[in-house]
Amino acid sequence: MAFRDVNARRHIGLQQLSALASTGRTFLGPMKSHKFIVDEITNQSTLICSAVRLIESLDLTSAVGQLLNETIQAQNKEFKTGMSSLLFLVGAWSNAVVECLQQNVPVPAIVSVMSEGLNSCCERVQCLQIPIHDVKKELCSSRVRPKAFESKTGQVERHDLKNSWNLLCFQTDISATEEVIPINSCSHQGHDCNFNKFLVSPLAGFGSVASVVKAVGDKSSPALSGSGVTAASCIAQKLTHSRHFSTLGKSPFASQQGNFQGHLSGPAADLCGLGCLAVALSHGNQTSVKLLQSIAAYQQGRAECSGSSQVNIAEIVTCCVLGLPESYSCVSPGFVTLVSPEQATVIKHFADKPLRILLVDGDLTEEYRHLGFNRPPNVRTILERPTPQGGGAGDVWLSRMSDVLMSFEVNLVLVKGNVCKNFMERCIASRILVIGCVARSVLCAFGSATGAQAVTYLSQLSTVCVGNGAWAELWHTGDGRAVDLGELLPARISAGGITLLTAVLTAALPSKAQLLEDHFWTLLYRLHHALKDGKVFPGGGAVELLCLSHIQALAEQPERPGNAKELPSPWLAECKSIVLQALASGWKRYLCVLLCNTATASSELEAGAAVDHHLQKAAACGSPSAYILEEFRRGGVLRGGSEPFPGRVTDLKVCDNVEAKTEAWRRALDLVLLVLQTDAEIITGPRRNQILNSPVSNEFMFL
């Protein structure tokens, strides 16, 4: 054929793509190898273990690098997960395409067969989709035991509203020795009643936290005391007819060991399932799991009436606090942010006083103009801001804006954008707290809770725009101590009835702060998308194993006589087999690296033998999908891919998102084929490549 002379060695784009993708090989799987990225300008280092942070840190000057960055950013923007798999498959399939070119397979055949092969895989793996309801039911019934977290002395301590709340988490065997992630509350007793009610309500069926925490003002002794006594076993004497259990006349905690023998129903069962699902989607990230369980408990309590089990991401923000161990990470109601020591002084002055709050949707600077602002026509500006006598430039604006805030008795200002430094200093002197760079979701939450209406300029301020009922205080750790880290101090701003939650992520090392935040958001979005899709894939390489088995079967399948008209050229069948084998090689390399990264195989050769062994067993079973599902139910398909907690558990079930995974596949292959076709146009010329693509494009649609 005329287009067989395309030289594979001249496909520079594919080679660049493979080289860039190889840098993220260690990010595949639950046991990731971290990388240190050093800024040449500031000499500061950052710890990363995600494809997004890696690509952001690289100097991508080539067109291929820009395309790779855009592809990964698109996946990250939509799903926040699947980027590492995308990056690896880009490299694996780039190498596979180069191998096809070296065997003189024409470019149109590669594009058509690979596209149809991946579409066939996406259809084939639909049989592996597991409904969320079944996943939560199976995981919750087989693995989860409701336990109250005890202190080191064995006593269940009483917590008032000024201390942290130890939320009932759903511990699996893998986290039995870990500490609980608390939900911090504040000293405003009246305002946080709703928050406390939601924490206790959905967990009442477990009989632990609900009965341990006393009401505000109750001066009696703690309900439970003595070492070696769990809340569940003690409360079992009283809780015999809970609406959350179907047992009649017998306590579900009748066993002295506190084993879970009843059947959960209603909100408790749903919350139990959410906790188990979060563990399955975490891929080994225990800290984020506990934070997410706390968030789910709170949001589930609020959504109990509506019956919704969705996780509302818009009501969640994060705040990284440096200088504290990771064990201090917790979830706090309201908005936690870092403030300067001068702002902290203003917060201390408030001393539990109710504040009048103002929301600014824009920058709080003199030069700021809203998007779409047009200057009046036919006006020539000679000097926009004349310098007044006896004052500096901008003093008039500063004085006027300060007078506006004081006239409306505003104590707290939340600004979406930047704040003028001089204006900030003047507000601090007037004991007005101004917080800049606040997310829009935070403004919306405070607007709903306080009745405040956001304004673009302070000149628009009126009485109806100012909200009431907010308060501010310095953030405290779980043991009630204030945090003083020097330059920046964590502060908590809240209001009665606010739905906003802040995941406070503490880190002793500054280089690890971004890593912890990325882990948290990744797990949060995995749970969000799992609930949105209503189904998940079995994890640990199960889906990729079925894809590999399916593609190899297609490549080995002889052509039916009826396809003779669809294959006008005798070499097309041979090309099809070569391309499908190349596509399958990408899946196999994915599984081999996954096994190596999880320390299940010492080398890719050993990992390849293990994958081949599973393929033979799946083929002998007669139904590869049935074999994979059965292996998953027994604890994991590849055994190694389902061990996110090395040394502590060997059969933890791992799940993956459906839409995020398949979309990562499609984006990876689309990028590889785009670079392939671009290289071909550079080598052969666009006009020639267009002529070659036109008549052949329909000949390869034969899968």
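In the nomenclature of an unreviewed UniProt entry, the protein corresponds to Bardet-Biedl syndrome 12 protein from the organism Lonchura striata.

**A closer look at the overall build of the protein**
Scanning the protein for helices and strands turns up 22 helices and 16 strands. Out of the 703 residues in the protein, the part that is buried amounts to 52%. Partitioning the intrachain contacts of the protein with sequence separation of at least 6 by distance along the chain shows that 76% fall at a separation of at least 24. Summed over all atoms, the accessible surface of the protein reaches about 31300 Å², with 50% contributed by carbon and sulfur.

**Some words on the nonpolar core**
Of all hydrophobic cores here, the largest spans 130 residues; its most connected members are Ile110, Met114 and Trp587. In terms of residue count, the dominant contributor to this core is helix H18 (residues 572–597) (15 residues). Each of domain 1 (2–128 + 536–559 + 569–640 + 649–692) and domain 2 (316–370 + 394–533) accounts for three or more of the residues forming this core.

**Observations concerning helix H5 (residues 107–124)**
An ideal rise of 1.5 Å per residue puts 26 Å on 18 residues; H5 measures up with 26 Å between its terminal C-alpha atoms. The buried count for H5 comes to 14 of 18 residues, which makes it a mostly enclosed element.

**Some details on the sheet that holds strand S9 (residues 355–360)**
Note on sheets: strands pair through backbone hydrogen bonds, and any given pair is parallel or antiparallel. The sheet built from six strands is open, its strands ordered S8-S13-S12-S9-S10-S11 with mixed pairing. Of all strands in the sheet, those with a lone pairing partner are strand S8 (335–339) and strand S11 (433–435), marking the two edges. The mean angle between the axes of side-by-side strands here comes to 35 degrees, regardless of whether they run parallel or antiparallel. Bridge count for S9 against strand S12 (residues 467–474) is two bridges, and the pairing is antiparallel.

**Remarks on the packing of helix H13 (residues 395–407) against helix H14 (residues 421–429)**
Taken N-terminus to C-terminus, the directions of H13 and H14 make an angle of 40 degrees; their axes are 10 Å apart at the nearest point. What the angle tells us is that H13 and H14 run oblique. As H13 packs across H14, the resulting crossing turns out to be right-handed. Side by side, H13 and H14 meet where Asp395, Trp397, Leu398, Ser399, Met401, Ser402 and Leu405 of the first sit next to Asn422, Phe423, Arg426 and Cys427 of the second. Counted by class, the contact of H13 with H14 contains six nonpolar, three polar and two charged residues.

**Quick word on the environment of methionine 31**
With respect to the helices, strands and loops of the structure, methionine 31 is situated in the loop between helix H1 (12–21) and strand S1 (35–38). Considering only alpha carbons, one finds methionine 31 and threonine 598, 567 residues apart in sequence, at a separation of 5.6 Å.

**Thoughts on the pairing of strand S10 (residues 412–415)**
Here S10 shows a buried face lined by Leu412 and Leu414 and a second buried face lined by Val413 and Val415. In this structure, S9 lies alongside S10, joined through four bridges in parallel fashion. Bridging across to S10, leucine 358 finds its partner in valine 413. With respect to chirality, the unit in which S10 leads through H14 into the neighbouring parallel S11 is right-handed.

**A closer look at the packing of helix H4 (residues 83–102) against H5**
Closest axis-to-axis distance for the H4/H5 pair is 10 Å, and the angle between their directions is 140 degrees. Classified by the angle their axes make, H4 and H5 are oblique. For the pair H4 and H5, the sense of crossing is right-handed. Every residue of H5 that contacts H4 at Trp93, Ala96, Val97, Cys100 and Leu101 is listed here: Val107, Ile110, Met114 and Leu118.

**Thoughts on the sheet that holds strand S6 (residues 316–322)**
Across the sheet, which stays open at both edges, the three strands sit in the order S6-S14-S7 with mixed pairing between neighbours. Either end of the sheet is taken by a strand with one partner, and the two such strands are S6 and strand S7 (330–333). Sheet twist, expressed as the average angle between the axes of neighbouring strands with direction ignored, equals 30 degrees. Pairing between S7 and strand S14 (residues 501–507): four bridges, direction antiparallel. What sits directly across from cysteine 330, in S14, is valine 504.

**Quick word on unusual backbone geometry**
Unusually for a residue other than glycine, asparagine 43 sits at a positive phi of about 60 degrees. Residue glutamate 409 is not a glycine yet carries a positive backbone phi of 55 degrees. Checked against the element boundaries, glutamate 409 lands in the loop between H13 and S10. By relative accessible area, glutamate 409 is classed as exposed at 54%.

**Things to note about the pairing of S1**
When S1 meets strand S2 (residues 45–48), the two strands line up antiparallel, connected through four bridges. Residue pairing in the sheet places lysine 35 in a bridge with isoleucine 48 of S2. Between S1 and S2, which pair antiparallel one after the other, the connecting turn spans six residues, and asparagine 43 there sits at a positive phi close to 60 degrees.

**Looking at the packing of aromatic side chains**
One pass over the full model with this rule turns up seven aromatic pairs. Plain terms: the ring middles of tryptophan 521 and tyrosine 525 are 6.2 Å apart, the flat faces sit at 50 degrees to each other, and that makes the pair tilted. Placement of both tryptophan 521 and tyrosine 525 in helix H16 (residues 513–533) is noted, with a separation of four residues, approximately one turn of the helix. Residue tryptophan 521 shares its accessibility class with tyrosine 525, and that shared class is buried. Three or more aromatic residues link up through ring pairs in this structure, and these residues are Trp93, Trp587 and Trp665. Cation over ring: lysine 80 sits above tyrosine 525, and NZ or CZ is 4.9 Å from the ring centre.

**Notes on the pattern of salt bridges**
Inspection of the entire model under this criterion finds 12 salt bridges. Across the pair lysine 416 and aspartate 361 runs a salt bridge whose closest N-O atoms are separated by 3.8 Å. In this pair, lysine 416 sits in the loop between S10 and H14 while aspartate 361 sits in the loop between S9 and H13, placing the two residues 55 residues apart along the sequence. Taking relative accessible area as the criterion, aspartate 361 reaches 25% and is therefore assigned partly exposed. Connected through salt bridges with shared partners, the residues Arg53, Glu56 and Asp518 form a single ionic network.

**A few points about H14**
Taken as a whole, H14 has its buried residues at Phe423, Met424 and Cys427. Each buried residue of H14 lies within a common arc of 105 degrees when the element is viewed along its axis, so the set occupies one face. Projecting away from the buried face of H14 at angles above 90 degrees are the exposed residues Lys421 and Ala429. Tucked into the core, H14 has its buried residues touching helix H12 (341–350), H13 and S11. A positive phi of about 60 degrees marks arginine 431, the residue just after H14.

**Focus on the confidence of the model for the protein**
The predicted model of the protein has a mean per-residue pLDDT of 75, with 68% of residues at 70 or higher. Scored below 50 in pLDDT, residues 1–8 makes 16 contacts in the model with residues more than four places away or belonging to other chains. Across residues 561–565 the pLDDT falls below 50, and counting only partners more than four positions away or on other chains, this stretch makes zero contacts in the model.

**Notes on the environment of histidine 476**
Mapped onto the elements, histidine 476 comes out in the loop between S12 and strand S13 (489–495). Sequence spacing of histidine 476 and proline 490 is 14 residues, and the spatial spacing of their C-alpha atoms is 8.3 Å. Separated by 2.8 Å, the side chain of histidine 476 and the backbone oxygen of leucine 474 make a polar contact.

Cut-offs applied
Residues numbered from 1 in each chain as written. Predicted model: local features only at pLDDT ≥ 70, side-chain atom pairs only at ≥ 80, totals over all residues. Heavy atoms only, no water. Helix = DSSP H or I, 4+ residues; strand = E, 2+ residues; numbered from the N terminus. Buried < 20%, exposed > 50% of the residue type's maximum accessible area, 1.4 Å probe, protein only. Contact = heavy atoms within 4.5 Å. Areas by Shrake-Rupley, 256 points an atom, 1.4 Å probe, with all protein chains shown as cover. Core = buried A, V, L, I, M, F, W, Y, C linked by side-chain atoms within 4.5 Å. Domains from an automatic or database assignment. Expected span 1.5 Å × (residues − 1). Pairing = 2+ DSSP bridges. Axes fitted to C-alpha atoms, helices over the stretch in contact; angles between N-to-C directions. Parallel < 35°, antiparallel > 145°, perpendicular 65-115°, else oblique. Left-handed = near helix turned anticlockwise from the far one by under 90°. Nonpolar A, V, L, I, M, F, W, Y, C, P; charged D, E, K, R; others polar. Right-handed = clockwise from strand over helix to strand, strands pointing away. Phe/Tyr/Trp six-rings, centres within 6.5 Å; stacked < 30°, edge-to-face > 60°. Lys NZ or Arg CZ within 6 Å of the ring centre and 35° of its normal. Salt bridge = Lys/Arg side-chain N within 4 Å of Asp/Glu carboxyl O. Arc of directions from axis to C-beta. pLDDT = per-residue confidence, 0-100. Polar contact = N/O pair within 3.5 Å; in protein donor to acceptor, adjacent residues only side chain to side chain.

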